[in-house]
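This is what each chain is made of:
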Amino acid sequence: MKIESLEDIRKDLIVEKRVHIFNAGPAALPISVLKEVQEHFLNFRGSGMSITEISHRSTLFEEVINDAIDRTRRLLKLSNDYHVLFIQGGASLQFCMIPMNLALPGRPLTYINTGVWSTKAIREAQIQGKDVRVIPTSEDRDFSSLPTDFTADRQASYLHLTSNNTIRGTQWQHFPDGKGIPLISDMSSDFMSRPVDVKPFGLIYAGAQKNLGPSGIAMVIIREDMLKRVPGSLPTMLKYTTYRDNKSLFNTPPTFAIYIIALVLEWLEETIGGLKEMEKINKEKASLIYEVIDKSEIYQGIAEAKSRSIMNVTFRLPDKELEQGFLAEARKNGFEGLRGHRSVGGCRASLYNAVTIDSVKRLVAFMREFEEKS
Ligand SMILES: *Cc1c(COP(=O)(O)O)cnc(C)c1O
């Protein structure tokens, strides 16, 4: 986008030659966090060493991981019976660890299938030969909406759902009633984007690279009673109890990633002011783009209005040529990451926590301008 005023020239984004990042994951991080990392990279807290060079068993690192855990507890208002764990392997390893650790003998595993990521989670449970019952949703309509009406099986070990469907752009606004059985949620793409009442959840997990930090690690919030289910026979690194018993430090964790997560959580707590504030900002960003889509002759929303996500806004243009033109022109103007997931096509603007209102306003102006010209 053209620089319109002196004020714009002062903007970090332009000084740093950065673009407006709408990537789906790995995704935008707060610029203040990136700068902090840069500034302290060679000498972390006066140690004369980089954070990447110090022991994971040092007091310095212990402070970092404890800070990340304490902030998570405060942000989500976790009671003492919840544990905050860091586990390598991203959200995808959780697809496998959940059935392995939390299936109860003789009781089925129930999964609500709302898209690509749920399907992958289901497959990992099936591979293990578990009794998996899938609650189908809108597969016949390309998963463009979420179910409003179904009954949970009271005999199930758990009910698994994906809180935000990153690829289709749908999101649960109210979680279903588990009828007393624990809910388990993949919150990878909307974790920490809004307040959540964690009580119905036995486990919440999120790959870090959407809203928390760098890729390769998942944050897992697990309730104490769920840990009683963990079979003793599992390999050490695949047992949740190993992570609880060793404060996520059984082996060397991705220390650099955890450090950045701690900084992102500090930003969320202190600069943004918590999850309520974050949700307000996120809703405003999403409504700016949905408003353009709803009034447009060329942009068509993919998700049904009642199931729309405030994190991933998906849309199409009437034909391939115009869509390619839009994506190319957007890129030329400094808007990165707007191509939809390869399995769906179309366009997607991912509006994670670190994406600023300013970036969204500029994108909206660009979308309007493109429509007028086309
Ligand atoms: C990105 C994403 C994943 C995959 O995360 P990995 O860390 O790559 O395993 C899983 N679920 C959802 C909802 C996602 O958005």
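The rules behind these values
Residues numbered from 1 in each chain as written. Predicted model: local features only at pLDDT ≥ 70, side-chain atom pairs only at ≥ 80, totals over all residues. Heavy atoms only, no water. Buried < 20%, exposed > 50% of the residue type's maximum accessible area, 1.4 Å probe, protein only. Helix = DSSP H or I, 4+ residues; strand = E, 2+ residues; numbered from the N terminus. Pairing = 2+ DSSP bridges. Expected span 1.5 Å × (residues − 1). Arc of directions from axis to C-beta. Contact = heavy atoms within 4.5 Å. Domains from an automatic or database assignment. Buried area = accessible area lost by both parts, 1.4 Å probe. Salt bridge = Lys/Arg side-chain N within 4 Å of Asp/Glu carboxyl O. Polar contact = N/O pair within 3.5 Å; in protein donor to acceptor, adjacent residues only side chain to side chain. Nonpolar A, V, L, I, M, F, W, Y, C, P; charged D, E, K, R; others polar.

Considerations on the pairing of strand E2 (residues 82-88)
- Across the seven residues that make up E2, a large majority, six, are buried.
- Sheet topology note: the E2/strand E10 (residues 217-223) ladder contains seven bridges and is antiparallel. Across the sheet, His83 pairs through a bridge with Ile222, a residue of E10.

A look at helix H6 (residues 116-127)
- Over its 12 residues, H6 runs 17 Å from end to end, which matches the ideal 16 Å to within 8%, given 1.5 Å per residue.
- Along H6, the positions that sit buried rather than exposed are Ser118, Ala121, Ile122 and Ala125. Along the axis of H6, the buried positions cluster into a sector of 100°, meaning they face one direction only.
- Contact partners of the buried residues in H6: helix H5 (90-102), strand E3 (109-112), strand E4 (132-135), strand E5 (158-162) and strand E6 (164-165).
- Gly129, located one to two residues past H6, shows a positive phi value of around 75°.

Things to note about the domain arrangement of the protein
- Each assigned domain of the protein is listed with its residue range as follows: domain 1 (6-30 + 274-373) and domain 2 (40-272).
- Taken over C-alpha atoms, the centre of domain 1 sits 27 Å from the centre of domain 2.
- The interface of domain 1 with domain 2 comprises 33 residues on the first partner and 33 residues on the second.
- Each partner contributes to the roughly 2700 Å² buried at the junction of domain 1 and domain 2, and carbon and sulfur atoms together form 59% of this total.
- For the pair domain 1 and domain 2, the number of links is one salt bridge.
- The closest approach of N and O atoms between Arg141 and Glu304, which form a salt bridge, is 2.6 Å.
- Our count for the domain 1 to domain 2 interface comes out at 16 residue pairs in polar contact (both at pLDDT 80 or more).
- Elements with a minimum of two residues in the side of domain 1 that touches domain 2: helix H10 (275-295) and strand E12 (312-316).
- In terms of residue count, the dominant contributor to the side of domain 1 that touches domain 2 is H10 (eight residues).
- For the side of domain 1 that touches domain 2, a count of residues per class yields 16 nonpolar, 10 polar and seven charged.

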